[in-house]
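Working through the structure, step by step
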Amino acid sequence: MSCAGYQRQLGAYLDGELSDHQASAMRGHLRTCDACRTAAAAESKLLESLRQLPPLDPPPALWQAIRGQLAQEEIADARSPWHLRLWRRAAPFAPHAGGGVLAAAVALTLLWWSGAPPAPGQGPGPSVAPTPVASAVSSVAAEAAPPSGVKDVSQALADEVTLADQSYDKAVAELVELVASERAGWSPAYARRYEDRVKVLRARVDGLVAGVEKERAWQELMRYLQTSLTRAELAMGEP
Amino acid sequence: MTRTPHVMAFLASLATGLASAPLAAVAQAGKAPVETPIPKVVERSRLDVAPSQTPFLNLSVDNPLGDVRIEGHDGSSVMIETHKSAPDDSTMDRLRVSLVPGLDGSLRLGTAVDPGVDSRSVAKSAMRIDLVIRAPRDLRFTARVGSGQLEVSGMDAGGEADATSGPISLRNISGAVNARSISGPVTLTEIFGSIDAELVDAALRLDTVAGDSLVASAHRGAISGRRVRARRIELMTTSGDVELEGELALRGKLLISSLHGNITVRVRGRGQLSVRARGKQVDLGTTKTKLVKGVTLAELGSGDDRSSVDLRSRHGAIAFAVNW
């Protein structure tokens, strides 16, 4: 190799990107060639000073722009016919596909020659071809859709309010059921008072939308139910 | 012509394999690229809010997006430290902290998330806002969190603490305190004032509590207290146990009730104690008891100042002990 050839590879050599064999040849040449050694030293110095530079933060808008461009390309891809999309995806593998198609053709010929029809799904015919097309289309669709299972924070916060409401509702339902199983010994007057009070408190809860005020109403209802459940005898004048 | 079946089968499978290789490669090419983790963006800011003419009287904090810590100090200004974190800049731009001072001496602090300009979903767990607030001690607080942690310490005018599932910890507070939680545990330590606590599915722990009244209820959680002293103590659970160690004020009233929980009480006795207990098993620590219509009665101690103790658990055991 000439000096010009070695000097073209200097950058790759200094970055450690040459193969062992190429690097060995480069080292050998640098031992004997003053001009290339000087060029290598200059290049090394330049690289070193570049490394000393502070890291450059990309502007925040850069990623937005890249993402927007990717989205446009995906939209254009989605609008193109399926066979074009398939071809674009298959193009890098065309040389390998050629071999495969040739081998399949040989096999088909042999099968035809043997008189046996190709088994469904085993030949390279249309029964096989739709599978990758479908998977390619579905994967494109999956990429275009928002990440599945990720609930946006706004929705998550709204759900938390609903969940809190449901927690109170569940606890109250449990308490009402427990009261129903424990109230056998209650006096009719006390039972009537209980029914009336629960109706009022429940109506208040039902009249409010989920939020702080409704939570207070739930809490009042819960405490009344718990009091009735655990202290009814006291209210009924136990000794 | 002789054609062996296995040769034909081999050729057929070879053809299928060769034909499917590029097709598999196509399918492989259609897979979504593996996303590299995006570094977190963190933003910290600090704001000092000084009162203009009227001093601050009330502080209200509502943070569904993270933790809240309120610490009392001797100054007159409110210092707010905001710690925001998000997966990227655009999400960070959605995080909002609002501060609204009122003419009545109130200061309202809230956090929220803007809807965002793009349709990209960002999980709640990927972002948070934590608030650390140093406020004048004599300011009454109202603080609310979702799943974050709520800590308040060193305040002298009481306050209210609410959480959905995050833990609440109040320490060294004077004044009336209200604490409410659905599923986050509540710990009240060194509270000098009345307490009202209501929990659904969480445990309440009390340590060094003194005040006029202590009213607490838990549906599925337990209540435990040590060094508790109050004139009126009312504790109630549906299924959780209640364990209390403390001191009854003279002419005080202690009422603990539960449906399924066991009740264990150890008090330091003063004056006369009138004890009533109703439970599946009752142990009042004395043989001088009477049983009237299922209620075990005992008169303990002596003196003009009579305190009443009422313990009842329909399906649980009751143990009561007095240390004179």
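Only a predicted model underlies this, so the values are computations on that prediction, with no experimental measurement involved.

1. Examining the overall build of chain B
When you go through chain B residue by residue, the secondary structure sums to two helices and 22 strands. Buried positions account for 46% of the 324 residues belonging to chain B. Long-range contacts, defined as pairs at least 24 residues apart, comprise 44% of the intrachain contacts of chain B with a sequence gap of at least 6. About 14900 Å² of surface is accessible on chain B, with carbon and sulfur atoms providing 51% of the total.

2. Some remarks on the overall build of chain A
Counting its regular elements, chain A contains eleven helices and zero strands. Starting at the N terminus and walking to the C terminus, you meet the elements of chain A as α-α-α-α-α-α-α-α-α-α-α. Expressed as a percentage of the 239 residues in chain A, the buried residues total 28%. Expressed as a percentage of contacts within chain A between residues at least 6 apart in sequence, the contacts between residues at least 24 apart total 56%.

3. Concerning the packing of aromatic side chains
All names here are of chain A. Applying the stated rule across the entire model yields four aromatic pairs over all chains. Ring geometry for tyrosine 168 and tryptophan 218: centres 6.4 Å apart, planes at 10°, overall stacked. In this pair, tyrosine 168 is assigned in helix 9 (residues 153-182) and tryptophan 218 in helix 11 (residues 212-235), connecting sequence segments 50 residues apart. By relative accessible area, which is 1% here, tryptophan 218 ends up buried. Both rings, one in tryptophan 186 and one in tyrosine 190, keep their centres 4.9 Å apart while their planes meet at 85°; by these two values the pair is edge-to-face. One exposure class covers both tryptophan 186 and tyrosine 190, and it is buried.

4. Focus: the nonpolar core
Within the largest apolar cluster, 73 residues are counted, with the highest numbers of intra-cluster contacts made by B:Ile70, B:Ile133, B:Leu170 and B:Phe320. Sorting elements by how many residues they give to this core places strand 15 (residues 204-218) of chain B first, with six residues. When residues of this core are sorted by domain, at least three fall in each of domain 1 (36-193) and domain 2 (202-324) of chain B. Apart from residues no more than four positions distant in its own chain, B:Ile133 is found in contact with B:Leu59, B:Val61, B:Val68, B:Arg69, B:Ile70, B:Glu71, B:Val78, B:Met79, B:Ile80 and B:Leu109. A:Leu175, A:Val179, A:Ala191 and A:Trp218 belong to the second-largest nonpolar core, a separate cluster that totals 24 residues.

5. Thoughts on the state of the cysteines
All names here are of chain A. As enumerated under the stated definition, the model contains zero disulfides over all chains in all. Left unpaired, cysteine 3 is separated from the closest cysteine sulfur, that of cysteine 33, by 3.6 Å. Cysteine 36 supplies the cysteine sulfur nearest to cysteine 33, a cysteine that is in no disulfide, at a spacing of 3.6 Å.

6. Some words on the pattern of salt bridges
Within this structure, the stated rule accounts for 44 salt bridges over all chains. The salt bridge partner of A:Arg223 is B:Asp196, with a shortest N-O separation of 3.0 Å. Separated into two different chains, A:Arg223 in helix 11 and B:Asp196 in strand 14 (residues 195-199) make up a pair that spans both. On the accessibility criterion, A:Arg223 (17% relative accessible area) is buried. B:Asp196 sits in the partly exposed class, given a relative accessible area of 27%. With its nearest N and O atoms 2.8 Å apart, the salt bridge here joins B:Arg69 to B:Glu71. The class of B:Arg69 is partly exposed, set by a relative accessible area of 32%. Taken together, the salt bridges that share partners define one network made up of A:Glu215, A:Arg216, B:Arg144, B:Glu160, B:Asp162 and B:Arg180.

7. A closer look at unusual backbone geometry
Residues and elements named next belong to chain B. Residues other than glycine seldom take positive phi values, yet glutamate 190 does so here, at roughly 55°. Relative to the assigned elements, glutamate 190 resides in strand 13 (residues 186-192). Of note in the backbone geometry, lysine 293 takes a positive phi value of approximately 50° without being a glycine. Of note, lysine 293 is situated in the loop between strand 20 (289-292) and strand 21 (295-301). With relative accessibility at 70%, the residue lysine 293 sits in the exposed group.

8. Points about the confidence of the model for chain A
In low-pLDDT regions, the fine details of the predicted coordinates are not to be read closely. Residue and element names in this part refer to chain A. Model confidence for chain A is summarised by a mean pLDDT of 72, while 58% of its residues fall at 70 or above. Of all helices and strands in chain A, the one with the weakest mean pLDDT is helix 8 (residues 130-144) (33), whereas helix 10 (residues 188-206) scores best (95). Overall, residues 105-146 carries pLDDT values under 50, and its contacts beyond four positions in sequence, including any with other chains, amount to 37 contacts.

9. Considering the confidence of the model for chain B
Of the residues in chain B, 87% have a pLDDT of 70 or more, and the chain-wide mean is 88. Confidence drops under a pLDDT of 50 for residues 1-39 of chain B, and excluding neighbours within four residues, the segment shows 36 contacts in the predicted structure.

10. Considerations on the side chain of B:Ser274
Residue and element names in this part refer to chain B. By the element assignment, serine 274 lies in strand 19 (residues 272-283). Judged by relative accessible area, serine 274 falls into the buried class, the value being 15%. Beyond its immediate chain neighbours, meaning those up to four positions away, serine 274 contacts Ala298, Glu299, Arg306, Ser307, Ser308 and Val309.

11. Let's talk about the pairing of strand 21 of chain B
Most of strand 21 of chain B sits inside the fold, with five of its seven residues counted as buried. Joining the antiparallel neighbours strand 20 of chain B and strand 21 of chain B is a turn of two residues, in which B:Lys293 adopts a positive phi near 50°.

12. Overview of the environment of B:Arg94
Turning to its location among the elements, B:Arg94 is positioned in helix 2 (residues 89-94). Spatially, the C-alpha atoms of B:Arg94 and B:Ala112 are 8.2 Å apart, while their sequence positions differ by 18 residues. When near neighbours in sequence (up to four residues on either side) are disregarded, B:Arg94 contacts A:Asp152, A:Val153, A:Ser154, B:Ala112, B:Val113, B:Asp114, B:Pro115, B:Gly116, B:Arg120 and B:Val122.

13. Points about helix 3 (residues 20-32) of chain A
Residues and elements named next belong to chain A. The terminal C-alpha atoms of helix 3, which comprises 13 residues, lie 19 Å apart, in line with the 18 Å expected from a rise of 1.5 Å per residue. Along helix 3, the positions that sit buried rather than exposed are Ala23, Met26, His29 and Leu30. Along the long axis of helix 3, the arc covered by the buried residues comes to 125°, so they all point the same way. What points out from helix 3, more than 90 degrees from its buried face, is the exposed set Asp20, His21, Arg31 and Thr32.

14. Quick look at the packing of helix 9 of chain A against helix 11 of chain A
All names here are of chain A. Where helix 9 contacts helix 11, the axes come no closer than 10 Å and their chain directions differ by 20°. When the axis of helix 9 is compared with that of helix 11, the two are roughly parallel. As helix 9 packs across helix 11, the resulting crossing turns out to be left-handed. Residues Ala164, Asp165, Tyr168, Asp169, Ala171, Val172, Leu175, Val176, Leu178, Val179 and Glu182 of helix 9 pack against Lys214, Glu215, Trp218, Gln219, Leu221, Met222, Leu225, Gln226 and Leu229 of helix 11. For the contact of helix 9 with helix 11, a count of residues per class yields 13 nonpolar, two polar and five charged.

Cut-offs and rules
- Residues numbered from 1 in each chain as written.
- Chains lettered and ligands numbered in written order.
- Predicted model: local features only at pLDDT ≥ 70, side-chain atom pairs only at ≥ 80, totals over all residues.
- Heavy atoms only, no water.
- Helix = DSSP H or I, 4+ residues; strand = E, 2+ residues; numbered from the N terminus.
- Buried < 20%, exposed > 50% of the residue type's maximum accessible area, 1.4 Å probe, protein only.
- Contact = heavy atoms within 4.5 Å.
- Areas by Shrake-Rupley, 256 points an atom, 1.4 Å probe, with all protein chains shown as cover.
- Phe/Tyr/Trp six-rings, centres within 6.5 Å; stacked < 30°, edge-to-face > 60°.
- Core = buried A, V, L, I, M, F, W, Y, C linked by side-chain atoms within 4.5 Å.
- Domains from an automatic or database assignment.
- Disulfide = S-S within 2.5 Å.
- Salt bridge = Lys/Arg side-chain N within 4 Å of Asp/Glu carboxyl O.
- pLDDT = per-residue confidence, 0-100.
- Pairing = 2+ DSSP bridges.
- Expected span 1.5 Å × (residues − 1).
- Arc of directions from axis to C-beta.
- Axes fitted to C-alpha atoms, helices over the stretch in contact; angles between N-to-C directions.
- Parallel < 35°, antiparallel > 145°, perpendicular 65-115°, else oblique.
- Left-handed = near helix turned anticlockwise from the far one by under 90°.
- Nonpolar A, V, L, I, M, F, W, Y, C, P; charged D, E, K, R; others polar.

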